[in-house]
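Coordinates in review
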Amino acid sequence: MDVTKAIKERRSIRNFSNEDIEKGLLGELVEAAIWAPSGSNIQPWEIKMVKGDKVDKIKTFSPGLMGDPPVLAVICRDEKMAYNEGGEVCRDVLSVMDVAIAAQNMCLKAVDIGLGTCLVRSFNKKAVKSLLNLKDGLVPSLIITIGVPKKIPNPPKKRDKEEITEWIGW
Amino acid sequence: MDRMVGDDIMDDGYFNLICYIATSARGCVEEPKMYGPFRLIDTIDRLIEVMDKRNESNEFYNKLQGKIQNKKYSVMHDEEEFINFLDEVVEMLVEKKK
C-alpha cells in the first residue's frame, strides 16, 4: 500500500469484530515497529503482544481502551536501558519519542494488512505493569488495540497545513 | 447473607465497573479536563450494560444507552457537540423525572 494512502486511511478504531488474528500478521506489525528510528539507535523498547483473558484484565484498568479488541500491543520503554546507554535525555525524552514512532509504524502497517488500531494512553500504568509482571525499569507507555475494524469512523477535522507551517528561506 | 464469595465477584459486571471508575478517577488527575465528563457519561453506558446483563434494564435505560453510544465519542473531535449531547442527556432524564 502507498504510504500516503495508509497515513490518510488510518483511523482510531473503537469498534472491532471478534475475528481472531493470525500470529503471523501480528508479527508483521512488530517488524514494522523495529524499523522505527530511535535516538542514538538505542531502541529502548519492548512489545508485549497480548490476547486472551489478559486483554480483559488490562481493559478493566484502562478507561481509554474502547471496544473489544482481540489483541493488544503493550509498548514498553526500558527506562534502565535508556538511561544506561543514553543518559537522562534518552530516559526522559528520546525514549518517549522512540516508542511513539514505533507505535505509529505499527498502526500504519496495520492499515496495510487490513487491521484497525487505536493508540491508548489512558490506562493505569501500575495495574498494567503488575498484570504483565513487567521487570523493573520497564514502563508500559502505550497500548495499541488491534483487531478487524467493525466500524470505521469518519476522518476528524485536521488543522490546515498553512496554519501550522512556516516556510523559512523560500 | 453474602450473595457472592471469593472469586465470584470477578464475574460480576459491577466489579469491572468499579475498577473502571477507580482507574478513571486516578487518570483524571492528569488527563485533559474533558475526559472527566466523558468518563462519567461512559460510566452510565457501562452501568446500563451491567444492568442489561442482569435483566435489570428497561426500555428507557436502553434508549438512554443508545443515545450515549451514538454520541459519546464526539468528545474526541467536537467539544461543542459533546457538551450539547450532555445537555440532551440531562434533558432526557429531567423529562423522565417530571
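Residues numbered from 1 in each chain as written. Chains lettered and ligands numbered in written order. Predicted model: local features only at pLDDT ≥ 70, side-chain atom pairs only at ≥ 80, totals over all residues. Heavy atoms only, no water.

A short note on the packing of helix 2 (residues 35-53) of chain B against helix 3 (residues 59-71) of chain B
Residues and elements named next belong to chain B. For the record, the criterion: To get an axis, fit a line to the C-alpha atoms, keeping to the stretch in contact for a helix; angles then go from 0 to 180 degrees between the N-to-C directions. Numbering of helices and strands runs from the N terminus; a helix is a DSSP stretch of H or I covering at least four residues, while a strand is a stretch of E covering at least two. Here the word oblique covers every angle except those under 35 degrees (roughly parallel), over 145 (roughly antiparallel) and from 65 to 115 (roughly perpendicular). Here is the rule for handedness: rotate from the far helix to the near one, and if that takes an anticlockwise turn smaller than a right angle the crossing is left-handed, while a clockwise turn gives right-handed. Here, residues are in contact when the closest pair of their heavy atoms is within 4.5 Å.
Where helix 2 contacts helix 3, the axes come no closer than 9 Å and their chain directions differ by 140°. With respect to helix 3, the axis of helix 2 lies oblique. Pair helix 2 / helix 3 crosses with left-handed handedness. Contacts between helix 2 and helix 3 involve I41, I44, D45, I48, E49, M51 and D52 from the first element and Y61, N62, L64, Q65, I68 and Q69 from the second.

Side note on a nonpolar patch on the surface
Note the following rule: For patch building, the residue pool is restricted to those with more than 30% relative accessible area and no salt bridge; the joining distance is 9 Å between like charges and 5 Å between nonpolar side chains (Val, Leu, Ile, Met, Phe, Trp, Tyr). Using a 1.4 Å probe, the Shrake-Rupley method yields the accessible areas, and only the shown protein chains count as cover for residues. Basic side-chain nitrogens of Lys or Arg form a salt bridge, by our definition, when they fall within 4 Å of a carboxyl oxygen of Asp or Glu.
Taken together, the side chains of V89(A), V93(A), M97(A) and I101(A) make up a nonpolar region of the molecular surface, amounting to roughly 320 Å² of accessible area. Within the secondary structure layout, M97(A) lies in helix 4 (residues 79-112).

Some points on the interface of chain B and chain A
Quite often, the size of an interface is put as the accessible area lost when its parts meet. Heads up, the condition is: Accessible area, probed at 1.4 Å, shrinks when two parts are joined; the buried area is that loss added up over both. Side-chain atoms alone can form a polar contact between residues adjacent in sequence; in general such a contact is a pair of N or O atoms within 3.5 Å, and within protein one must be able to donate a hydrogen while the other accepts it. Under the scheme applied here, ten amino acids are nonpolar (Ala, Val, Leu, Ile, Met, Phe, Trp, Tyr, Cys and Pro), four are charged (Asp, Glu, Lys and Arg), and all others, including Gly, are polar.
On the chain A side, the residues contacting the 16 residues of chain B number 11 residues. Between chain B and chain A, the buried area comes to about 1100 Å², and carbon and sulfur atoms account for 57% of it. At the boundary of chain B with chain A, the tally comes to three residue pairs in polar contact (both at pLDDT 80 or more). Listing elements by their share of the side of chain B that touches chain A, those giving two or more residues are helix 1 (13-28) and helix 2 of chain B. Ranked by residues supplied to the side of chain B that touches chain A, first place goes to helix 1 of chain B with six residues. Split by residue class, the side of chain B that touches chain A holds six nonpolar, four polar and six charged.

Quick word on the nonpolar core
Nonpolar side chains tend to gather and get buried jointly when the protein is soluble and globular. Residues and elements named next belong to chain A. Put simply, the rule reads: For our purposes a nonpolar core is just a set of buried Ala, Val, Leu, Ile, Met, Phe, Trp, Tyr and Cys residues, chained together by side-chain atoms within 4.5 Å. Throughout this description, buried means an accessible area under 20% of the type-specific maximum (1.4 Å probe, protein chains only), exposed means over 50%, and partly exposed covers the range between.
Formed by 20 residues in total, the largest nonpolar core has its most connected members in L29, I75, M106, L115, I144 and I146. Secondary structure elements with two or more residues in this core: helix 2 (23-34), strand 2 (71-78), helix 4 and strand 4 (138-147). Here the element with the most residues in this core is helix 4; it accounts for six residues. Excluding its chain neighbours within four sequence positions, the residues that come into contact with L29 are M106, K109, A110, I113, L115 and I146. Core analysis: the next-biggest nonpolar cluster, separate from the first, contains 15 residues, C76, V120, L131 and L134 among them.

Topic: helix 2 of chain B
All names here are of chain B. Just so we agree on the cut-off: Here a helix's expected span is defined as the number of its residues, less one, multiplied by 1.5 Å.
Taking 1.5 Å per residue, 19 residues should reach 27 Å; helix 2 reaches 26 Å between its end C-alpha atoms and fits that length. Every buried residue of helix 2 is listed here: G36, F38, R39, I41, D42, T43, D45, R46, I48, V50 and M51. A positive backbone phi angle near 55° is found at N55, which sits one or two residues after helix 2.

Focus on unusual backbone geometry
All names here are of chain A. The residue S40 is not glycine, and still its phi comes out positive at about 55°. Inspection of the secondary structure puts S40 in the loop between helix 2 and strand 1 (45-51). Assessed through its relative accessible area of 65%, S40 is described here as exposed.

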